[in-house]
Amino acid sequence: MRRSVVFTVLLTLVLALGGTTPAQALPAPSSMASIGDSMTRAADVCCWYGDHPANSWSTGGASWDGITSNYERLRALNPAISGRNYNDARSGARMADAPAQAQLAVTQQVGYVTILMGANDACTSTPASMTPVETFRSQFRQTLQTFDAGLPGSARIFVASVPDVYRLWQIYHTDFLARVVWEAASICQSLLATERTEAERQAVRARVIAFNAVLRDECASLARCRFDDNAVFNFQFSRSHVSRLDYFHPSLTGQAALAQTTWLHSWWT
C-alpha cells in the first residue's frame, strides 16, 4: 500500500513538471519553413550547377534522391504539412540576411522553422573580412526576436550548428582539382586559399566555433528554440558527402547525412 502511494505521488509530480517527452507532448506541425544559405538551397548538390531546393535537407521533397528531409519525416507524422514546405533560404546569405528571411517565414505563419546560417560569415575573401562575433550575435538575436514576436505561439525553431569548414581542407587539400576549383570560383578563400597559413585556417575554424557558441546561447534564451548541440559541426564528413561540382557544398549523400543528423536533434525525435 505504501509503495502504491509513493508511486502515485511521484507520477503526479512528474506530470505537474511536464514530464512527458517532446515527441509525446508536441504534435507535428502542419507547415514549415527553412532559412539559411546555399546549403539549405542544396546548391550544386548534383547533376548541374545551381540551387536544387527539392533536395534540401530541411524542406526538400524529391522522392528519388535518397534524402529523407525534415519535411518528409514530418509529413509521415502529419500529412497536413504536404505542400506547405517553404524554402526561404538564399544562396550567399550571411547572418545579416537572416532577419529578412525570418520576416518572410513569419508572413507564412509556419509551425516550424529550421535555421542553418553562418558559413558565409566565416567563408569570406580573407580572415580579416569575417563577420565579427558580436555583430553575428546581434543579427541572430534579431532573427530570433522576429520569430518569437511573429510566429504562432505553438511554433518551434530548430538551429543547426555551422559545419566545420576546416575539414574540407583536411580531406581535399591534396586534391589538385579541388584546389583549382576553390581558387577559380573564389570559394571560402579565408580558409581554402593556397596562400593561407595554418594559423589563419585555425583562426577561421575558431570563428566558426565562436559562431556556434552564439547560436547555442541565444537559442537557449528562447523556450521554443532548440540547438543541435554542435551535431552538424562535429559530423566527420568524408569526400562522398561533398559535391564534385564545387568541392564545397554537400552532395546528395551529404544532404542525406545533414537531414539525418539534424533530425536526431529535432523536436520530434
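Residues numbered from 1 in each chain as written. Predicted model: local features only at pLDDT ≥ 70, side-chain atom pairs only at ≥ 80, totals over all residues. Heavy atoms only, no water.

### Some remarks on the pairing of strand β3 (residues 112-116)
Then, number 1: Within β3, five of the five residues are buried, leaving the element largely enclosed by the surrounding structure.
Then, number 2: Here β3 shows two buried faces, one formed by Tyr-112, Thr-114 and Leu-116 and the other by Val-113 and Ile-115.
Then, number 3: As defined by bridge partners, strand β1 (residues 32-36) adjoins β3 across four bridges and the pair is classed as parallel. Along β3, the bridge assignment pairs Ala-33 with Val-113.
Then, number 4: Where β3 and strand β4 (residues 156-159) come together, four bridges link them in parallel fashion. Bridging from a neighbouring strand, Tyr-112 pairs with Arg-156 of β4. (Buried < 20%, exposed > 50% of the residue type's maximum accessible area, 1.4 Å probe, protein only. Helix = DSSP H or I, 4+ residues; strand = E, 2+ residues; numbered from the N terminus. Pairing = 2+ DSSP bridges.)

### Things to note about the state of the cysteines
Disulfide: a covalent bond formed between the sulfur atoms of two cysteine residues.
Then, number 1: The full count for this structure, using the stated rule, is three disulfides.
Then, number 2: Linked covalently through their sulfurs, Cys-123 and Cys-188 form a disulfide whose S-S length is 2.0 Å. One disulfide, between Cys-123 and Cys-188, carries an S-S torsion of -70° and so falls in the left-handed class. Taken together, the positions of Cys-123 in the loop between α5 (119-122) and α6 (133-150) and Cys-188 in the loop between α8 (176-184) and α9 (189-192) put the pair 65 residues apart, joining distant regions of the chain. An identical accessibility class is assigned to Cys-123 and Cys-188; each is buried.
Then, number 3: Each sulfur of the disulfide joining Cys-219 and Cys-225 lies 2.1 Å from the other. (Disulfide = S-S within 2.5 Å.)

### Focus: the packing of α6 against helix α10 (residues 198-220)
Then, number 1: Direction vectors running N to C along α6 and α10 enclose 30°, while the axes themselves pass 10 Å from each other. As for how α6 packs across α10, the hand of that crossing is right-handed. The residues of α10 that touch α6, namely those facing Val-133, Phe-136, Arg-137, Phe-140, Arg-141 and Leu-144, are Arg-207, Ala-210, Phe-211, Val-214, Leu-215, Asp-217, Glu-218 and Cys-219.
Then, number 2: For the contact of α6 with α10, a count of residues per class yields nine nonpolar, no polar and five charged. (Axes fitted to C-alpha atoms, helices over the stretch in contact; angles between N-to-C directions. Left-handed = near helix turned anticlockwise from the far one by under 90°. Contact = heavy atoms within 4.5 Å. Nonpolar A, V, L, I, M, F, W, Y, C, P; charged D, E, K, R; others polar.)

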